[in-house]
Structure formats: structure tokens, C-alpha cells
Amino acid sequence: MENRKVARFFYDIASMLEIKRENPFRIRAYRRAAQNIENLADDITKVVVAEEKKIPGIGKDLMQKIKEIIDTGTLQIYEELKKEVPPGLLELLAIPGVGPRTAKIIFDHYGIVSLDDLERACLAHKIQGLPGIKGKTEKNILNGIQLLKTGLERKPLGLILPLAGEIIEALKKRSPVDRIEVAGSVRRRRETVKDIDILVSSSRPKRVMEVFTNLPQVSDVIGKGETKSSIRTRDGLEVDLRVVEGDCYGAALCYFTGSKAHNIRIRELAVRRGLKINEYGIFRGEKRIGGKEEREVFEAVDLPYIPPELREDRGEIEAAMEGKLPELVELQEIKGDLHVHSKYSDGAATISEIAEKARKMGLRWVAVCDHSPSLKIAGGVSIEDIRKKRKAIDAFNRTSSDVKLLCGTEVDILSDGTLDYPDEVLRGLDFVVAAIHSGFKQDQALLTSRMVKAMENPYVHSIAHPTGRILAEREAYALNLEEIFAKAAETGTCLEINAYFKRLDLSDILSRAAKNKGVRLTIGTDAHILDQMEYLNLGVFVARRGWLESNDVINTMGYEDLMQFLRKKRKDEGKTR
Ligand code: DGT
Ligand code: CA
């Protein structure tokens, strides 16, 4: 039983309890358990059977339920709830912005159970006018359906990378591949991807195809040929495998990495030089003059090598021509994580466990940022407990010479723009990231002014997940980003690239826009369980796609430099205040 399937039971139970208007804490417990199972690096079946470790957020009762799912393939409480709640309702509840009340009204009136039917009903304005449903709700539902459909078509990179890695490892081990790499949007590290493209060179393509189409990850073989095969994985994702000759591997890798828009520009440059570049190589007339290595393609059109993350035709060709390509920040340069939750709020790990994980990842420091009290549901930390946390972190740092912890917070920006801790408390912390967690529906002026006010506070170093968007679940809230970027630059406040796989917020394009306004970025995983600290690489991918260099990203600083940098905003502000 796969982790995601077990998680699905708990998500559905949570939704069904929601329709039945049960206790919100119980609903939340199921959802959090589902999330934690989904994000678990290990196979849940093994963990449960061997009872080898505790899964965060999962007590005895839920553990028992997981065992029941693994043993019987289902869960009694799930089956019972299903009798009470029509299954179509669950489908409607999956639409962002459709709560249990709205779903039930729509279902009761029209018996609608599918996205397409609901979309048609909204377009025909049959939904507005139902008890308590306004025209605006209809529009929100349509937006939500759109979001959900995109989510069904494109999967978050963070979920796909491990799968791509697994398939590549399996092919390396079991089939006669000479070279193998992932191509397409996965190689460009786009935040979401439609499918996985893999490129192989081999002298025995047939055998490679045989192994590929029989991998344990395969649920259907969509097509099987000599040079190209496609399969669908058990999670419903398509994987295309192409086998080419070694002599044109570089040209093919370039072609299948894309993007299409970037390829077209490269081909135009080639044509001007009397060359032809395609997936089979670099040609002058009929003669192949290169294509074994990817860099030959760029050399042929007199350009330096362009990293895959930049290949979107967003100015990289022009920059390359002028010798102005950025020196992109590298994962190896990242020295720490600027947003991790601990047991002090709703995280699952203790501060020493976090430090140990950081050590294993080769990091030098971590900012432990827990929620502030107004986020009761997330176990916001009282002022008294902040003092305890400060002491514990100081004690830890005294004995730890390699990994250091920063005593931080993710302080809530309240609905009037004030912060959830007084300045005296913030002053005692090493790192403060401020975030909006409520009032998402406020108008642009109000939301922007809240964030601006937070940035004007000398103790706020960064703004967490600035736009609030969640991939396939929630659109960004209305913000005047131009004003936000200007204010961030003016006050020396950083903006976060939240590296959680569903957020990636700021996005690549917005990170680049922020940098161009003189803003520096912080990368934080927002990890609530240890495994999620590994999403740090996703944050670096966003930064790279946003043209950021090492100096643009605070996480490249060593501990001493970082601490000095963090004190600077406070001093600068102190002078002007
Ligand atoms: P995706 O799959 O939507 O996340 O994005 P990609 O970029 O992986 O797109 P995909 O899988 O359709 O194609 C992989 C690469 O193959 C694409 O980035 C560029 C190349 N390619 C595909 N079709 C064409 C085409 O018609 N012309 C050119 N020049 N390149 C193409
Ligand atoms: Ca693709």
C-alpha cells in the first residue's frame, strides 16, 4: 500500500466529517495525519509493520487505523461514513473554495457529482440564487475548478523528482544504458510538470525498452517502440523514454530539455550561421558536425552554456550574447534553512532533532521559526514559552560547534497590520519572518498596507510565503507587489522563497522581479516534519529559475555573517527612528 493511498483515506474521512460538521479539531487531526503520511520519506507499510519509528501527528489510535488499512485494504469508519455521505460530494469538496455547506446545497438541488457538470451549471448561472449562494461564489467556484483541473494536469515538481530519480536509478541498474538524464520541464525545474521525459543513449535500445516497460512503477504501457516508449505510473503520471545514439546525445538532450520557445531561438541563431540544429545533431548541409555533448550546441551558435533552469526564452539568449548570464546560486552554497517549525509550535521535531537533520544535510545553521499565539490551531508559542525556547537554543549552541540554531519566529501579521508579539519580544529573537495567515479575502489596499506595516518594523527580517498561493489549491491574495518590492528594498526587509512543494512562493518570476528591485531573498522550507527539510533544493531551484546569484540569497551566508546581517536592519532603523 502506497503512502499516498493511505493518506487518501484520511483526507476523505476529514472531508466527510466536515460535511457532517463534526469537531474541527478531529477533522484537522485526520488532515494533518494524511499530510504527514504523504510526506513521509519511508514506506508507511514498513514503518507500521516494523514499528520502527513514530510518525509525527499519529498517535496510537491513528496507528491502529493505518494497520487496519494495510491489513484489510479499507477502514471501517471510512466505510460507515461513506454510507452517510454521497461520494459525489467529496468530489465537489475537492474544489478550492467550495466548503461543505456550499457542496451540500449544490448536491441537494441538482445532484451534481462531477467537476464538468458543476462547471456547466456555473456557466449557465444555475448556481447563483441557490439558498445563500451569490454571483460571486459562482465565479469563485469556476476559478476553483480551473485551479483543480490544472492541478490534475500538472503535478508539483517536489512530488515528481523522487519518482524520476527512482526510475533513472532502476534503469541504470537493470538495463544497458550508457548515458541517462531527465529532460523536459523536470530538468528545467519548473514548479509543476506535465510528465517526465527521460533521455538515454544505448547500443541496445530494445533491452532498455523492455526493462523500462516492466518497471514496478508501471501501471500501463501507453506505447512501446524502438526509440520511444511511454508508460503511465501507478500515480497516473506519464513517463516518456527516448533512446538515441551516443553521437547525438547532447543535441537530443538540448532538444528534449526545451523549452520549446528557447529551442526555437537557438535554431534561428543556427540558421543564421548556415547550420541546422535538431535532436539528431548539429549539421552543416547534410554533414553532422557535432552534437555528442550539449555544450557543442551552444558553442555552435557562439553562446556560453546556458543552465537548464534559464531556458525559457525570458532573456537568457540576449544575456548569453552579451556575456551577462547570472552565476546562479548553487545548492552547495546554501548553508542553512531560514524557516523550520519545531515542537514549540506545530512542528514534530525537537530543536536537537532539527539540528541533527541539518548536520546530516551538510547545513551549518537553522532558524527555528515557530508560530505566534494568534495561530492557536498551530500551537502558537506564548511569550513565556519563547523565553524557554531562547534558553534551550542558547544552551544547545554552547555545546554545538558545527551546527548552530537561530531562535526565530514566524510571527503573524494581524488583520490591522500589527504583529502578534510586541517589539520587546521580537528584539530578543535572532530571526523574525512575518506572515499573513488570515483575512485573505481583504481588498488589495488593505492587504498591501498590512504587509507594508510589517516590513516597516525594524525587527522583521523577512516576509514568509508572500503571495499566499498554494499550487492547485489557492490563488495568490490580492497584493500590490510593486509596492511590496519597493518597500522591501527601502526597509532592507527580505522576502521568502518558501520551499514547501505546494507553495514555492515567491515564484521564479516574482523572485526575479524582487531581485531587480533590489530585494534579497531568504529560502525557508517551512518544514513541520524533519523529512520536509529536504525540500530545501526546491527553494534553490526557484531561486535559480529566478536568475538569483549567491549574493541575492541570504542562506549562502555563514553563521557569523548571517548574525551580523540580521542585526543590521535593526541598527539602521534605530538610527532613523
Ligand atoms: P511539460 O511536460 O508541459 O511540463 O513541459 P515540457 O517542456 O517538458 O514539454 P514536453 O514534455 O511537451 O516536451 C519536452 C521538450 O521537448 C520540450 O521542452 C521541448 C521539446 N519539444 C517538444 N515538442 C517540440 C516542438 O514541437 N518543437 C521544439 N522545438 N521542441 C519541442
Ligand atoms: Ca515534459
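The rules behind each value
Residues numbered from 1 in each chain as written. Chains lettered and ligands numbered in written order. Predicted model: local features only at pLDDT ≥ 70, side-chain atom pairs only at ≥ 80, totals over all residues. Heavy atoms only, no water. Core = buried A, V, L, I, M, F, W, Y, C linked by side-chain atoms within 4.5 Å. Buried < 20%, exposed > 50% of the residue type's maximum accessible area, 1.4 Å probe, protein only. Helix = DSSP H or I, 4+ residues; strand = E, 2+ residues; numbered from the N terminus. Pairing = 2+ DSSP bridges. Axes fitted to C-alpha atoms, helices over the stretch in contact; angles between N-to-C directions. Contact = heavy atoms within 4.5 Å. Salt bridge = Lys/Arg side-chain N within 4 Å of Asp/Glu carboxyl O. Near = heavy atom within 4 Å. Polar contact = N/O pair within 3.5 Å; in protein donor to acceptor, adjacent residues only side chain to side chain. Nonpolar A, V, L, I, M, F, W, Y, C, P; charged D, E, K, R; others polar. Parallel < 35°, antiparallel > 145°, perpendicular 65-115°, else oblique. Left-handed = near helix turned anticlockwise from the far one by under 90°. Patch = residues over 30% accessible without salt bridge, like charges linked within 9 Å, V, L, I, M, F, W, Y side chains within 5 Å. Areas by Shrake-Rupley, 256 points an atom, 1.4 Å probe, with all protein chains shown as cover. Lys, Arg positive; Asp, Glu negative; His and termini not counted. Charge placed at Lys NZ, Arg CZ, Asp CG, Glu CD. Donors = N, O, S within 2.8 Å, 3.2 Å for Na, K, Ca; no water. Domains from an automatic or database assignment. Buried area = accessible area lost by both parts, 1.4 Å probe. Phe/Tyr/Trp six-rings, centres within 6.5 Å; stacked < 30°, edge-to-face > 60°. Lys NZ or Arg CZ within 6 Å of the ring centre and 35° of its normal.

This paragraph deals with the nonpolar core. With 91 residues, the main nonpolar core has Ile196, Ile198, Ile463, Leu495 and Ile523 as its most contacted residues. In terms of residues, this core owes the most to one element, helix 10 (residues 157-174), which gives nine residues.

Another aspect to go through is the sheet that holds strand 4 (residues 195-201). Overall, mixed pairing links the five strands, which are arranged 2-4-7-6-5 in an open sheet. The outermost strands of the open sheet, each flanked by one partner alone, are strand 2 (179-183) and strand 5 (218-224). Strand-to-strand, the axes of this sheet are offset by a mean angle of 20 degrees, without reference to chain direction. Here strand 2 pairs with strand 4 via five bridges, running antiparallel. Its bridge partner lying in strand 4, alanine 183 is registered against aspartate 197. The strands that helix 10 touches are strand 2, strand 4, strand 6 (228-233) and strand 7 (238-244); relative to strand 2, the one it contacts most, it runs at about 165 degrees.

Considering all chains together, one arrives at 46 salt bridges under this definition. With a closest N to O distance of 2.8 Å, arginine 469 and glutamate 191 form a salt bridge. With arginine 469 in the loop between strand 15 (462-463) and helix 21 (481-491) and glutamate 191 in the loop between helix 11 (184-188) and strand 3 (192-193), this residue pair connects regions lying 278 residues apart in the sequence. With a closest N to O distance of 2.8 Å, lysine 515 and aspartate 552 form a salt bridge. Of this pair, lysine 515 sits in helix 22 (residues 508-516) while aspartate 552 sits in the loop between helix 23 (536-545) and helix 24 (559-576), placing them 37 residues apart in sequence.

Below, the discussion takes up the site of ligand 1. The local shell around ligand 1 holds 16 residues, among which Arg154, Ser185, Arg188, Lys194 and Asp195 are the closest. At 2.8 Å from an oxygen atom of ligand 1 is found a side-chain nitrogen or oxygen belonging to arginine 154. Note that an oxygen atom of ligand 1 is positioned 3.2 Å from one of the side-chain N or O atoms of aspartate 197. Counting residues per element, the ones that place at least two in the shell around ligand 1 are helix 11, strand 4, helix 13 (249-257) and helix 14 (260-272). Considering only residue class, the shell around ligand 1 consists of three nonpolar, six polar and seven charged.

Moving on: the packing of helix 10 against helix 12 (residues 205-213). Running from amino to carboxyl end, helix 10 crosses helix 12 at an angle of 135 degrees, the nearest separation of the two axes being 10 Å. What the angle tells us is that helix 10 and helix 12 run oblique. Every pair of crossing elements has a handedness; the one defined by helix 10 and helix 12 is right-handed. Of the residues in helix 12, those touching helix 10 at Ile167, Leu171 and Arg174 are Arg207, Val208, Val211 and Phe212. For the contact of helix 10 with helix 12, the residue count by class is five nonpolar, no polar and two charged.

Our next topic: the packing of helix 1 (residues 3-19) against helix 2 (residues 24-39). Where helix 1 meets helix 2, the closest approach of the two axes is 8 Å, and the angle between their N-to-C directions is 165 degrees. In terms of axis orientation, helix 1 runs roughly antiparallel to helix 2. Judged by the twist between their axes, the crossing of helix 1 over helix 2 is left-handed. Taken together, the residues of helix 2 that come into contact with helix 1 (itself represented by Asn3, Arg4, Val6, Ala7, Phe10, Tyr11, Ile13, Ala14, Ser15, Leu17 and Glu18) are Arg26, Ile27, Tyr30, Arg31, Ala33, Ala34, Gln35, Ile37 and Glu38.

Turning to a positive patch on the surface, a few remarks are in order. A cluster of basic residues, Lys134, Lys136, Lys139 and Lys441, forms a positive patch on the protein surface. For lysine 134, the position within the fold is in the loop between helix 8 (115-123) and helix 9 (135-153).

Another aspect to go through is the coordination of the calcium ion (ligand 2). Taken together, the protein donors to the calcium ion (ligand 2) comprise Asp195 (OD) and Asp197 (OD), at separations of 2.1 to 2.3 Å. One exposure class covers both aspartate 195 and aspartate 197, and it is buried.

Each assigned domain of the protein is listed with its residue range as follows: domain 1 (2-152), domain 2 (155-244), domain 3 (248-321) and domain 4 (331-576). Computed from C-alpha atoms alone, the centre-to-centre distance between domain 2 and domain 3 is 23 Å. Domain 2 puts 15 residues into the contact, and the matching count from domain 3 is 16 residues. In terms of surface lost to domain 3, no three residues of domain 2 exceed Arg179, Arg187 and Arg188, which account for 52% of the buried area on that side. Where domain 2 packs against domain 3, one counts three salt bridges. Of the charged contacts, one joins glutamate 294 and arginine 187 as a salt bridge, the two residues approaching to 2.8 Å between their closest N and O atoms. Here domain 2 is connected to domain 3 by ten residue pairs in polar contact (both at pLDDT 80 or more). Of all elements in the fold, only strand 2, helix 11, strand 4 and strand 7 reach the threshold of two or more residues within the side of domain 2 that touches domain 3. Considered class by class, the residues forming the side of domain 2 that touches domain 3 number six nonpolar, two polar and seven charged.

Here the focus is the side chain of threonine 491. Along the polypeptide, threonine 491 turns up in helix 21. Polar side-chain contacts of threonine 491 include one of 2.7 Å to the backbone oxygen of lysine 487.

This part is about the sheet that holds strand 9 (residues 281-284). Pairing within the open sheet is antiparallel, and its three strands lie in the order 8-9-10. Single-partner strands in this sheet number two, and they are strand 8 (276-278) and strand 10 (287-290). Across the sheet, the mean angle from the axis of one strand to that of its neighbour is 35 degrees, orientation sign disregarded. Both strand 9 and strand 10 contribute to a ladder of three bridges, which runs antiparallel. In the sheet register, isoleucine 282 faces strand 10, and the bridge partner there is glycine 290.

Before going further, it helps to spend a moment on the packing of aromatic side chains. Using the criterion set out here, one finds eight aromatic pairs in the structure. On the numbers, 5.6 Å between centres and 75 degrees between planes, the contact of phenylalanine 298 with tyrosine 305 is edge-to-face. Their ring planes at 85 degrees and their centres at 5.9 Å tell us that tyrosine 500 and tyrosine 535 sit as a pair that is edge-to-face. Taken together, the positions of tyrosine 500 in the loop between strand 16 (494-498) and helix 22 and tyrosine 535 in the loop between strand 17 (521-524) and helix 23 put the pair 35 residues apart, joining distant regions of the chain. For tyrosine 500, a relative accessible area of 14% gives the class buried. Among the residues examined, tyrosine 535 registers a relative accessible area of 15% and is labelled buried. Taken together, the ring pairs in this structure connect Tyr500, Phe501 and Tyr535 into an aromatic cluster. Residue placement shows lysine 276 over the ring face of phenylalanine 283; its charged tip is 5.5 Å from the ring centre.

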